[in-house]
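These are the residues of each chain, in order.
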Amino acid sequence: MSRSNSVSLRLPPVSRQAGPIVRRTLHDEVAENLRNMIVENELRPGERIDEKRLCALFGISRTPLREALKVLASEGLVDLMPNRGARISEITSQEVEEMFEVASGLERLAAELAAERATDEEIAELRTTHERMVQFYKSGRRSDYFRLNQRIHNGVIALSRNAVLIDTHSDLMTKIRRARFMAIMSQERWDESVREHEQLIEALEARDGAKAGKVLRAHVQKTGDIVSSVIEKTSRSQATGR
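Conventions used here
- Residues numbered from 1 in each chain as written.
- Predicted model: local features only at pLDDT ≥ 70, side-chain atom pairs only at ≥ 80, totals over all residues.
- Heavy atoms only, no water.
- Helix = DSSP H or I, 4+ residues; strand = E, 2+ residues; numbered from the N terminus.
- Buried < 20%, exposed > 50% of the residue type's maximum accessible area, 1.4 Å probe, protein only.
- Contact = heavy atoms within 4.5 Å.
- Areas by Shrake-Rupley, 256 points an atom, 1.4 Å probe, with all protein chains shown as cover.
- Core = buried A, V, L, I, M, F, W, Y, C linked by side-chain atoms within 4.5 Å.
- Phe/Tyr/Trp six-rings, centres within 6.5 Å; stacked < 30°, edge-to-face > 60°.
- Axes fitted to C-alpha atoms, helices over the stretch in contact; angles between N-to-C directions.
- Left-handed = near helix turned anticlockwise from the far one by under 90°.
- Nonpolar A, V, L, I, M, F, W, Y, C, P; charged D, E, K, R; others polar.

1. A few points about the overall build of the chain
Reasoning step 1: Scanning the chain from terminus to terminus reveals 9 helices and 2 strands.
Reasoning step 2: When its helices and strands are written in sequence order, the chain yields α-α-α-β-β-α-α-α-α-α-α.
Reasoning step 3: Counting the 242 residues in the chain, one finds 42% classified as buried.
Reasoning step 4: Look at the contacts in the chain between residues 6 or more apart in sequence, and 76% of them connect residues 24 or more apart.
Reasoning step 5: When the accessible surface of the chain is split by element, carbon and sulfur atoms take 49% of a total near 13700 Å².

2. So, the nonpolar core
Nonpolar side chains in soluble globular proteins generally cluster together in the buried interior.
Reasoning step 1: Leu-126, Tyr-145, Val-156, Leu-200 and Leu-204 are the most contacted members of the largest nonpolar core, which has 45 residues in total.
Reasoning step 2: For this core, the secondary structure elements donating two or more residues are helix H4 (93–117), helix H5 (120–138), helix H6 (142–159), helix H7 (163–183), helix H8 (187–205) and helix H9 (209–240).

3. A closer look at the packing of aromatic side chains
Reasoning step 1: For the structure on display, the rule yields 3 aromatic pairs.
Reasoning step 2: Here the aromatic rings of Tyr-137 and Trp-190 are separated by 5.3 Å at their centres, their planes lie at 85°, and the arrangement is edge-to-face. With Tyr-137 in helix H5 and Trp-190 in helix H8, the pair connects residues that are 53 residues apart, well separated along the chain.
Reasoning step 3: Trp-190 sits in the buried class, given a relative accessible area of 1%.
Reasoning step 4: With a centroid separation of 5.1 Å and an interplanar angle of 90°, the aromatic rings of Phe-146 and Phe-181 are classed as edge-to-face.

4. Here we look at unusual backbone geometry
Reasoning step 1: Residues other than glycine seldom take positive phi values, yet Asn-83 does so here, at roughly 65°.
Reasoning step 2: With respect to the helices, strands and loops of the structure, Asn-83 is situated in the loop between strand E1 (78–81) and strand E2 (85–88).
Reasoning step 3: Residues other than glycine seldom take positive phi values, yet Arg-207 does so here, at roughly 60°.
Reasoning step 4: Topologically, Arg-207 is positioned in the loop between H8 and H9.
Reasoning step 5: Overall, the relative accessible area of 32% leaves Arg-207 in the partly exposed class.

5. Some remarks on the packing of H6 against H8
The description of two packed helices rests on the angle between their axes and on the distance between the axes.
Reasoning step 1: Put simply, H6 and H8 touch, their axes get as near as 12 Å, and they point 35° apart. As H6 runs across H8, the sense of the crossing is left-handed. Here Arg-142, Tyr-145, Asn-149, Ile-152, His-153 and Val-156 of H6 come into contact with H8, specifically with Gln-187, Trp-190, Ser-193, Val-194, His-197, Leu-200 and Leu-204.
Reasoning step 2: For the contact of H6 with H8, a count of residues per class yields 7 nonpolar, 5 polar and 1 charged.

Right, dumping it as C-alpha cells:
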C-alpha cells in the first residue's frame, strides 16, 4: 500500500505559532556530550569515569553529571558501580554480531519500503546529504562524516513510514552507534562503505527496492563483521598482554 505523506529529514523551521519551546535540561545536554564522546571513542570501553575531570571540562557540578550518567546507564553505555563510581560499558563481539544481525534486517526492509514510499524530493535530499558526506570522507573528517552517515541511515528508516520499524530501530541504535563508528577507523572499510552508500542512493533513485534492500543489508552486515573482528583481536591482545 502506497503512502504519500511526506517525511522531512530536516528539523522544521521555527514558527511563532509552533507552541512553547521545550528546553533541554542541563543533564540532558551533558548526557548528549558524553554519548558523543563514548561513540567516538574519546571515552573507551572499560574506562573509569573521572567525575572531577568531566565536571571541570563541562563547567558543571557533580549533580547534573551523575544524572547524565544514569541516563547513559539506562542506554547500556555506562555501568554504574555502587560506591565505586561508573565506567564505560564494554561490548563483546557476540553482542555486536547479534545487534548487526537485527539492524541489517530492519534496514533492508526500510530501504525496500523507502524506494516505494519516498517522494522524489526526499530521495534528492538523501543524495545531497550523501554528496556532503563524501566531501568529509575525501578530507578525512571522520566525525563529520559519521554524523551525516547516521543521518542517511536514519533518513532511510524514516522514509519507510512504518512506525513500528522506526521505534524498533531507534531503540537499537542507542547501543549500536559506537560500534558503527569503530568500523570507519579501518580505512579499507571506510573506502568500501562510501561506495556502498553510492549504490544505495542509486537504487533508491531508480525505485529499485529489491536492490536497495540488498545493498543496505550487506552494507550493515559487513560493518558488523568488521567491528566484531576488531573487538575479538583487541580481546585476544589484552588476554596475552600484548
